[in-house]
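What follows is each chain in one-letter form.
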Amino acid sequence: MNLQYKPQEIEKKWQKYWEVNRTFSSRLKKDKEKYYLLEMFPYTSGSIHMGHVRNYVIGDVLARYKWMRGFNVLHPIGFDAFGLPAENAAIEKGIHPREWTYRNIKILEGQLKQLGISYDWEREVITCDEDYYRWNQWFFIKFYKKGLVYRKKALANWCPTCRTVLANEQVINNRCYRCGSLIQQKELTQWFLKITEYAEELLEEIENLAHWPPTVKKMQVNWIGRSEGMEIKFKLTENSVEIPVFTTRPDTIFGATYLVLSPHHPLVKEAIRKNVKIEKEVERMKREQLIKGDVEKRGIISGLWAINPVNEEKIPIWIANYVLMEYGTGAIMAVPAHDERDFEFAKKYGLPIRVVVSPPYWNHNQNSLKEAYMEEGIMVNSAQFNGLSSELARKKISKWMFEQKMATHKVNYKLRDWCISRQRYWGTPIPIVYCSRCGVVPVPEENLPVKLPFDVQITGKGGSPLKKIDSFVKCLCPKCGREAVRETDTMDTFVDSSWYFLRYASQRGDHLPFTREEVDYWMPVDQYIGGIEHAVLHLLYSRFFTKALRDLGLVKVGEPFSRLLTQGMVIKDGAKMSKSKGNIVDPGQMIKEYGVDAVRGFILFAAPPEVDLEWKKEGLEGIYRFLNRVWRLVTSNLRIKATYEGERQWKFWKFEKIYSSTKNKEEIELQRMIHKTIKKVTEDIEQRFHFNTALASLMELVNFLYGYSFKGSLMYKESLQVLLLLLYPFTPHICQELAERTGYRGDLSKHPWPEYEDKFLKKDKVTIVIQVNGKIRDRMVIPISEGRETVEREALNRERIKRYIQGKSIKRVIHVPLKLVNIVAG
RNA sequence: GCCGAAGUGGCGGAAUUGGCAGACGCGCAUGAUUCAGGGUCAUGUGGAGGUAACUCCAUGGGGGUUCAAAUCCCCCCUUCGGCACCA
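Treat the numbers as computed from the prediction; the structure is a model and nothing was measured. (Residues numbered from 1 in each chain as written. Chains lettered and ligands numbered in written order. Predicted model: local features only at pLDDT ≥ 70, side-chain atom pairs only at ≥ 80, totals over all residues. Heavy atoms only, no water.)

1. Digging into the overall build of chain A
Helix and strand content of chain A: 26 helices and 34 strands. With respect to the three principal axes, the spread of C-alpha positions in chain A is 105 × 90 × 50 Å. In chain A, the proportion of contacts linking residues at least 24 apart, taken out of those at least 6 apart, comes to 72%. Carbon together with sulfur atoms contributes 50% to the accessible area of chain A, which is approximately 37400 Å² in total. Between the mean site of the 128 positive side-chain charges and the mean site of the 101 negative ones, chain A shows a separation of 2 Å. (Helix = DSSP H or I, 4+ residues; strand = E, 2+ residues; numbered from the N terminus. Contact = heavy atoms within 4.5 Å. Areas by Shrake-Rupley, 256 points an atom, 1.4 Å probe, with all protein chains shown as cover. Lys, Arg positive; Asp, Glu negative; His and termini not counted. Charge placed at Lys NZ, Arg CZ, Asp CG, Glu CD.)

Pasting the structure below:
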């Protein structure tokens, strides 16, 4: 038998063992408590990086721990396999996207298996498989029938590099989330999923997500951007046509000195008809609105006038570039005194500014305002509402306008519908046919899937590659049977990832994407782990999808993920690892040098999961040293085996000594150390995912075991066994190998997790800190049974303490039992 | 600009409920190992002062609450993240 720690050998051995024995495959077992653990699946680009490794290793600790806890664990893996990089590879290397993708999957599978993660590989999901994407189409049709899918012409985010449109969520700082190119606005007809229909529920249920990171929840709240206010109807002076405007500040309506229309507002055409001279300026403003970001405010008088319903005042209507058509009604009432944008605009064009909410410092001079006053104050210039606080006036004016039918209550959301059309090849074809006679016709369910054709030329030029495939485009109308054409756009790949967790749970439905029974058993995901970059992308889409599927009667749950852990990045030299910075650390190389257990151990030890992790080779070496220490500790005490009742094989370790009382002083201390460590490791895994401190306490245990005097004892042997059990979720291969060498037969993941008992944690003596006026001056060791008076008397009698309280009177003695005594003297 | 998170030794980080600041690891130093190196083992390691016992200072900065603050409150600084004409 090899006495040296050779990680590469034992790791291969056990990975094979797990695969052959299907150790981690899971079945529906209704009598057992389930635990669905999920990590965000990888995209099928070249190879896995340290970020993936971190994600999956964190998950694996929990999975193996839960197995040991007796849960029926589901821990699946698969691949996010549709997407643009496959097409880019086709352009650059002339390789077909499908071939490129499956070739990468093979590589990734190998790399993932090298990490020794406890996946149930039998449930692997690959989103570009026909058997998967057909269900995207099936959902699309279901949504279509329910009115959750629609087509509209609208300004869309166009990425010139990816040559496709993007959803709002995929535009970060006006750049493409994938390639970083500046986004252009283009008016195009696209398919949308009606996520806004669920805006209210998506928002409301955020607060029920008790185990989601507050930052993610906050980001979703902001993204949905609910705002409550009034829609007020202004009328044109000439023909009483209504112009509704949205405001959250109805209390400021008496301060409205003009209205502003977005250049895209329908009334603008009317204004141009009357005064052609403004057309050029309007067109210019439209162009300016295509660029997001800081553009100087610009406007023009429309020539139209409106009546303020509350005071019958005639006010001018402007057209300006700072009013968006996509939000509210595309028109606003401008209250320059109390809105900074209107203020800026009014100053530029010399428009009247009328204070209606008086600031506390205000001198009642209407021209004295230096900037818009946006806080609360006392109402002025507001007829019957003068003198009220603006807060109260907001309610009263709303109520009054509502009764007078001048306005209605209104809630607006920043959230926009999800644009899912992509002008790309490598994705799910949108199952729609356009017939010159019947119009837009959804492909009937029984005709699904609409297969993605294999024979394609991907050049990167022109429109969608599918457009050029006649055999795909030309088809017969499912309704009338005449010649028709297919939709050539494919779906956003975020559709794929919006329900893959359901497919993991059940893959057996022939007529359905999954069986209700299995999905209802496994869902929701008990713990989801992934990067924070999906806070408002994948995580919001998946929540929406789950709710929509629930309303279609396909699943029971309305929220997919009960607990979410967003892990930090892996960085090197203070920056995210990237090719351009040349600071990439290859996981494969590290595994080759130190073994995967050391890589896992380092990742888990160097930082708690939610913060960024700085990659340090020295740190990795530290863990490698630790694993060697464990290895030597156990292998050098192997001979103990013979002393253990001569047993040669056993499946479960039955601990006799560490759970029974002893009078031996050394043993009592060892026992306490063991139970303390069990407690610490259990709580760190269970409550906080603080694997770094769990490992630290295991290191302390190892240090302690090194220094322990009676290594031949049975309790010592049991301690080593407990060590292997506690360490197993973190670095499973070495533990499994050492367990085998100590005679254990079976898989440690099926061995019960050790339990601690409080009675073995108790010490009979404890060190008490003695403070004088809050400063530590002495310490003493006392029996824990000692009463309050005795402890305080002892403390006051200490020589060192007497020095500090000499000549002073004792005002108070604060006594925190078993911790400290603080003497307040003066 | 608005919203949010974080700031602790030379470094990564610990301190779970307001109660011993710096666990554990890296690095460094000294020693041991039938002295190449490496490995391993042992000891030490926040700063300043002192021969020493010991004293003082210290959790981004300033104030406060408290017997007691890394932890709670107020102001400010720095870094990172999100949003950005959303009326």
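2. A closer look at unusual backbone geometry
With omega at 0 degrees, the peptide bond leading from leucine 448 into proline 449 counts as cis. In the segment running from methionine 523 into proline 524, the intervening peptide bond is cis, with an omega of 0 degrees. Residue placement: proline 524 occurs in the loop between helix H15 (516-522) and strand S26 (527-531). Phi at alanine 383 is positive, roughly 50 degrees, even though this residue is not glycine. With respect to the helices and strands, the residue alanine 383 is situated in the loop between strand S17 (378-379) and helix H11 (390-403). The class of alanine 383 is partly exposed, set by a relative accessible area of 47%. (Buried < 20%, exposed > 50% of the residue type's maximum accessible area, 1.4 Å probe, protein only.)

3. Examining the packing of helix H1 (residues 7-20) against helix H24 (residues 732-741)
Orientation of H1 relative to H24, taken along the N-to-C sense of each, is 85 degrees, at an axis distance of 9 Å. Our classification of the angle between H1 and H24 gives roughly perpendicular. Within the contact between the two elements, H1 uses Ile10, Glu11, Lys13, Trp14, Gln15 and Trp18 and H24 uses Pro732, His733, Ile734, Gln736, Glu737 and Glu740. Partitioned by chemical class, the residues of the contact of H1 with H24 number 5 nonpolar, 3 polar and 4 charged. (Axes fitted to C-alpha atoms, helices over the stretch in contact; angles between N-to-C directions. Parallel < 35°, antiparallel > 145°, perpendicular 65-115°, else oblique. Nonpolar A, V, L, I, M, F, W, Y, C, P; charged D, E, K, R; others polar.)

4. Observations regarding the sheet that holds S26
Strand order in the open sheet formed by 4 strands is S2-S1-S26-S27, with parallel pairing between adjacent strands. Where the open sheet ends on each side, the last strands, each with one partner, are strand S2 (72-74) and strand S27 (564-567). Strand-to-strand, the axes of this sheet are offset by a mean angle of 15 degrees, without reference to chain direction. Bridging between S26 and S27 involves 4 bridges; their strand directions are parallel. Looking across to S27, one finds that glycine 531 is bridged to glutamine 567. Each of strand S1 (34-39), S2, S26 and S27 touches helix H2 (residues 50-68); the most contacted strand, S1, lies at about 170 degrees to it. (Pairing = 2+ DSSP bridges.)

5. Examining the pattern of salt bridges
Applying the stated criterion across every chain yields a total of 58 salt bridges. Residues arginine 503 and aspartate 131 are paired through a salt bridge, measuring 3.1 Å at the closest nitrogen-oxygen approach. You can see arginine 503 sitting in helix H14 (residues 500-505) and its partner aspartate 131 sitting in helix H5 (residues 130-145), a full 372 residues away along the chain. With a relative accessible area of 5%, arginine 503 lands in the buried category. (Salt bridge = Lys/Arg side-chain N within 4 Å of Asp/Glu carboxyl O.)

6. Looking at the sheet that holds strand S34 (residues 820-825)
Within a sheet, neighbouring strands are paired by backbone hydrogen bonds and run either parallel or antiparallel to one another. The 4 strands are arranged S32-S31-S34-S33 in an open sheet whose pairing can be described as mixed. Every interior strand has two partners, whereas the edge strands, strand S32 (775-783) and strand S33 (810-816), have only one. Ignoring which end each strand starts from, the neighbouring axes of this sheet average 20 degrees apart. Examined bridge by bridge, strand S31 (residues 765-772) and S34 share 4 bridges and lie parallel to one another. Across the sheet, isoleucine 770 pairs through a bridge with valine 821, a residue of S34.

7. Regarding the protein's contact with RNA strand B
Near RNA strand B, the surroundings consist of 53 residues, among which Arg341, Arg629, Lys680, Tyr804 and Asn822 are the closest. The share of sugar and phosphate among atoms of RNA strand B within 4 Å of the protein is 69%. Serine 227 places a side-chain nitrogen or oxygen 2.6 Å from a phosphate oxygen of RNA strand B. For RNA strand B, a sugar or linking oxygen lies 3.3 Å from a polar atom in the side chain of arginine 632. For the surface near RNA strand B, the leading source of residues is helix H22 (residues 691-707), giving 7 residues. Residues that form the surface near RNA strand B fall into these classes: 23 nonpolar, 10 polar and 20 charged. (Near = heavy atom within 4 Å. Polar contact = N/O pair within 3.5 Å; in protein donor to acceptor, adjacent residues only side chain to side chain.)

8. Section: the side chain of threonine 490
Along the chain, threonine 490 turns up in strand S25 (residues 490-491). Within the local environment of threonine 490, its side chain forms a polar contact with the backbone oxygen of arginine 424, the two atoms lying 2.9 Å apart.

9. Overview of the confidence of the model for chain A
When the pLDDT values of chain A are averaged, the result is 92; 98% of them are 70 or greater. The low-confidence segment residues 642-646 (pLDDT under 50) makes 7 contacts with residues lying over four places distant or belonging to another chain. (pLDDT = per-residue confidence, 0-100.)

10. Observations regarding the packing of aromatic side chains
Aromatic ring pairs: the centre-centre distance and the angle between the two ring planes describe each pair. Here the structure, examined in full by the defined rule, presents 54 aromatic pairs. Ring plane angle 50 degrees and centroid distance 6.4 Å describe the contact between phenylalanine 143 and phenylalanine 544, whose orientation is recorded as tilted. Note that phenylalanine 143 is positioned in helix H5 and phenylalanine 544 in helix H16 (residues 538-551), a separation of 401 residues in sequence. What makes phenylalanine 143 buried here is its relative accessible area of 1%. Of the residues examined, phenylalanine 544 reaches a relative accessible area of 0% and is grouped as buried. A centroid spacing of 6.4 Å and a plane angle of 40 degrees characterise the contact between phenylalanine 689 and phenylalanine 691, whose relative ring orientation is tilted. Taken as a pair, phenylalanine 689 and phenylalanine 691 share a single burial class, namely buried. Over the aromatic face of tryptophan 121 sits the side chain of lysine 113, whose NZ or CZ is 4.7 Å from the ring centroid. We note lysine 297 situated over the ring of tyrosine 322; from NZ or CZ to the ring centre the distance is 5.6 Å. (Phe/Tyr/Trp six-rings, centres within 6.5 Å; stacked < 30°, edge-to-face > 60°. Lys NZ or Arg CZ within 6 Å of the ring centre and 35° of its normal.)

11. Let's talk about the pairing of strand S9 (residues 184-193)
As judged from the 10 bridges shared by strand S5 (residues 149-159) and S9, these two strands associate in the antiparallel manner. Within the sheet, the bridge partner assigned to lysine 152 lies in S9 and is glutamine 190. Alignment of S9 against strand S19 (residues 418-419), held across 2 bridges, turns out to be antiparallel. When the sheet's bridge partners are listed, phenylalanine 192 is paired in S19 with cysteine 419.

12. Section: helix H4 (residues 97-114)
Between its first and last C-alpha atoms H4 spans 26 Å; for 18 residues at 1.5 Å apiece the expected length is 26 Å, and the two agree. When we look at burial in H4, the residues that qualify are Pro97, Trp100, Thr101, Asn104, Ile105, Leu108, Glu109, Gln111 and Leu112. On its buried face, H4 sits against H2, strand S3 (78-79), helix H3 (84-93) and strand S4 (125-126). Positive backbone phi, at 65 degrees, marks glycine 116, one or two positions downstream of H4. (Expected span 1.5 Å × (residues − 1).)

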